Amino acid sequence: MATTPGFLTDWPWKHLGNFKYVILGPWICESVYCFVRKEEYERDWTNFLILPFLVSRMVHNQVWISFSRYRTAKGNNRIVDKGIEFDQVDRENNWDDQIILSGILLYVFNTLTYGASNLALWRSDGVLISIFLHAGPVEFLYYWLHRALHHHYLYSRYHSHHHSSIVTQPITSVIHPFAEHIAYFLLFAIPTLTTVFTGTASLVSLFGYITYIDLMNNMGHCNFEFIPNWIFSIFPPLKYTMYTPSFHSLHHTQFRTNYSLFMPIYDYIYGTMDKSTDSLYEKSLKRQEDAPDVVHLTHLTTPESIYHIRLGFSSLASMPENHKWYIWFMWPLTLWTMIINCIYGRIFILERNSLEKFNFQSWAIPRYNLQYLLKWQSQAINSFIEDAILRAEEKGSKVLSLGLLNQDEELNRNGEVYIERHPKLKMKVVDGSSLAVAVVLNSIPKGTTQVLLRGNLTKVAFSLASALSQRGIQVATLYKSDYEKLKLATTSNFVLSNTFDQKIWVVGDGLTEEEQMKAGKGTHFFPFSQLPPKKARHDCFYHHPPAMLAPPSLQNMHACENWLPRRAMSAPRVAGIVHALEGWNVHECGDKMIDVDQIWEASINHGFKPLAFAE
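Residues numbered from 1 in each chain as written. Predicted model: local features only at pLDDT ≥ 70, side-chain atom pairs only at ≥ 80, totals over all residues. Heavy atoms only, no water.

## Here's the deal with the packing of aromatic side chains
Then comes step 1: Following the criterion strictly, the structure yields 27 aromatic pairs and no others.
Then comes step 2: Judged by centre distance (6.5 Å) and plane angle (75°), the rings of tryptophan 13 and phenylalanine 178 are edge-to-face. Of this pair, tryptophan 13 sits in the segment before helix H1 (25-37) while phenylalanine 178 sits in helix H8 (residues 178-197); the two residues are 165 residues apart in sequence, bridging distant segments of the chain.
Then comes step 3: When its relative accessible area of 7% is taken as the criterion, tryptophan 13 is described as buried.
Then comes step 4: Centroid distance tyrosine 307 to phenylalanine 313: 5.3 Å. Interplanar angle 25°. Geometry classified as stacked. (Phe/Tyr/Trp six-rings, centres within 6.5 Å; stacked < 30°, edge-to-face > 60°. Helix = DSSP H or I, 4+ residues; strand = E, 2+ residues; numbered from the N terminus. Buried < 20%, exposed > 50% of the residue type's maximum accessible area, 1.4 Å probe, protein only.)

## Quick look at the sheet that holds strand E3 (residues 358-365)
Then comes step 1: Pairing within the open sheet is mixed, and its five strands lie in the order E2-E3-E1-E4-E5. Edge positions in the sheet fall to strand E2 (348-355) and strand E5 (428-430), since each has one partner strand and no second. Shown here is a sheet whose adjacent strand axes are inclined to one another by a mean of 20°, direction ignored.
Then comes step 2: Where strand E1 (residues 294-299) lies against strand E4 (residues 399-402), four bridges are found, and the strand directions are parallel. Within E4, the position partnered with valine 295 by the bridge is leucine 400.
Then comes step 3: Together, E2 and E3 form the strand contacts of helix H3 (residues 50-74), whose direction differs from that of E2 by roughly 55°. (Pairing = 2+ DSSP bridges. Axes fitted to C-alpha atoms, helices over the stretch in contact; angles between N-to-C directions. Contact = heavy atoms within 4.5 Å.)

## Re the sheet that holds strand E11 (residues 541-542)
Pairing between the strands of a sheet comes from backbone hydrogen bonds, and it takes one of two forms, parallel or antiparallel.
Then comes step 1: Taken in spatial order, the six strands line up as E8-E7-E6-E9-E10-E11 in an open sheet, and their pairing is parallel. The sheet is open, and its two borders are formed by strand E8 (494-496) and E11, each paired with just one other strand.
Then comes step 2: Bridging between strand E6 (residues 450-454) and strand E9 (residues 504-507) involves three bridges; their strand directions are parallel. Along E9, the bridge assignment pairs leucine 453 with valine 506.

## Looking at the pattern of salt bridges
Then comes step 1: Within this structure, the stated rule accounts for 24 salt bridges.
Then comes step 2: As a salt-bridge pair, arginine 567 and glutamate 85 come within 3.4 Å of each other at their nearest N and O atoms. On the criterion of sequence distance, the pair formed by arginine 567 in the loop between strand E12 (547-549) and strand E13 (568-570) and glutamate 85 in the loop between H3 and helix H4 (86-91) is long-range, its members being 482 residues apart.
Then comes step 3: For glutamate 85, a relative accessible area of 25% puts it in the partly exposed group.
Then comes step 4: Measuring nitrogen to oxygen at the nearest pair gives 3.7 Å for the salt bridge that ties glutamate 513 to lysine 534. One end of the pair, glutamate 513, is in helix H25 (residues 513-517); the other, lysine 534, is in the loop between strand E10 (524-527) and E11, and 21 residues separate them in sequence.
Then comes step 5: With relative accessibility at 62%, the residue lysine 534 sits in the exposed group. (Salt bridge = Lys/Arg side-chain N within 4 Å of Asp/Glu carboxyl O.)

The following block contains the structure:
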């Protein structure tokens, strides 16, 4: 929101929320109905193609969003180093409002203006008119409109909303108050309406011009430089007629320079060209890919998780367990992404963060939970993990943490397999077991005298049972086989329970819905596994898998990690960061663990907090 919101700041359909698309419903229905009912020679292709064009604009923008986030996470050619936070994501989540507005205007103009109907596919004269009118009056008028918007009166009421995003991403380009968008649409209507009124309009000149605006807007806000220098060397005047991402990035960091739309010529003419434009351009082109100090290795979870990761839909990635109805209608695309991942999938960089001058990256393996449960997939998955370890070692990383099922005992013995294969590995491999135990221990309410331990008896389960017993808390189990395994591992205080009346359950993979149904009302389930149990009760309390809140100083955190709340990080991910910050020169994999109290205290000292602080 602008600092001092002016007239027509909010969008008229803001109160409709996710139902705002119903505004286009009548026009879409009328367009389809007329197209189907009329004879072929009477069909208005202009009107019929508006909806597919709007969809194509959304796809176009989403491709830019995903690609930009991937490139800025890698680091090569990145322009601004600062991060994006949740407040910016929330502010920019209405980027599709301008597409709805353009749809309304296209339908209205097509209805009211006879010359806009039944357009030819191509007319050279109309395309040339659009080019000349954009290069002339549109660029000139935009320059002075933009300078006017930076006057303190209009800036505080409108344009400051756009400049709230210092670090830009493609959709930042369309984040403006409603009134400001109206001004832009009137400006960009000059070429299109001129071709309509002169009878030279075509589908290419109409839809192509809007696509050109989208392309240049997305490019100018993508925060990585990719326009090669040789283009300007071959044709030097191009520097006056085409801007670059670094050119417009300076406008967002300096505010009073580089006002031009897509053609910098007017900044040269009126003396508003930033003096550091050329040097920033050269510097950004030469910037190398980041070398992370810590790598967190995760994987895809469900087929739909491709939309929930940071490279997917920003509105979904920024909210935990944000399931939208429209995801079900995208199953053909979801299926194709699964097939492509399984055949051609490669490890990809998911996101980057920084804390205390340390750089972190999250990498993802293109495999799903289900594939981790299939034994015939184990070799392929282990190859992915081993490749990630060697790549991180080559980049000079200090620590690699294994997230989710990448640390499964049956898969790789909690990561020990890789240490045995590469005994000279300088980088430390961490499974986060010690911190997972510490998180659960410090989550259980004070005064607890007995807990019920249920789930597969993993490395974490054994360590947790022993630590609970040492704290004077009796550990009960439901099955004799589990009881005997625990007693064999340690002589701590364990009992075989014949009831389900314990109010504190410590659970892991293997907990069934039938067992949950036998728990008493108000039971608290504390997972010690990385995957949360499937909730079977509405009258019980299900806590998050082991995780901690990130320090406020941790930068560029604007996506939720799987099902965790905002700014929450899983225990393995936190453990890898703390391992590097503390400079511990030991692996934590296989049977090896770090002292539970030591890693908990170190995490707290570095600013990480229990999830209870989020409540």
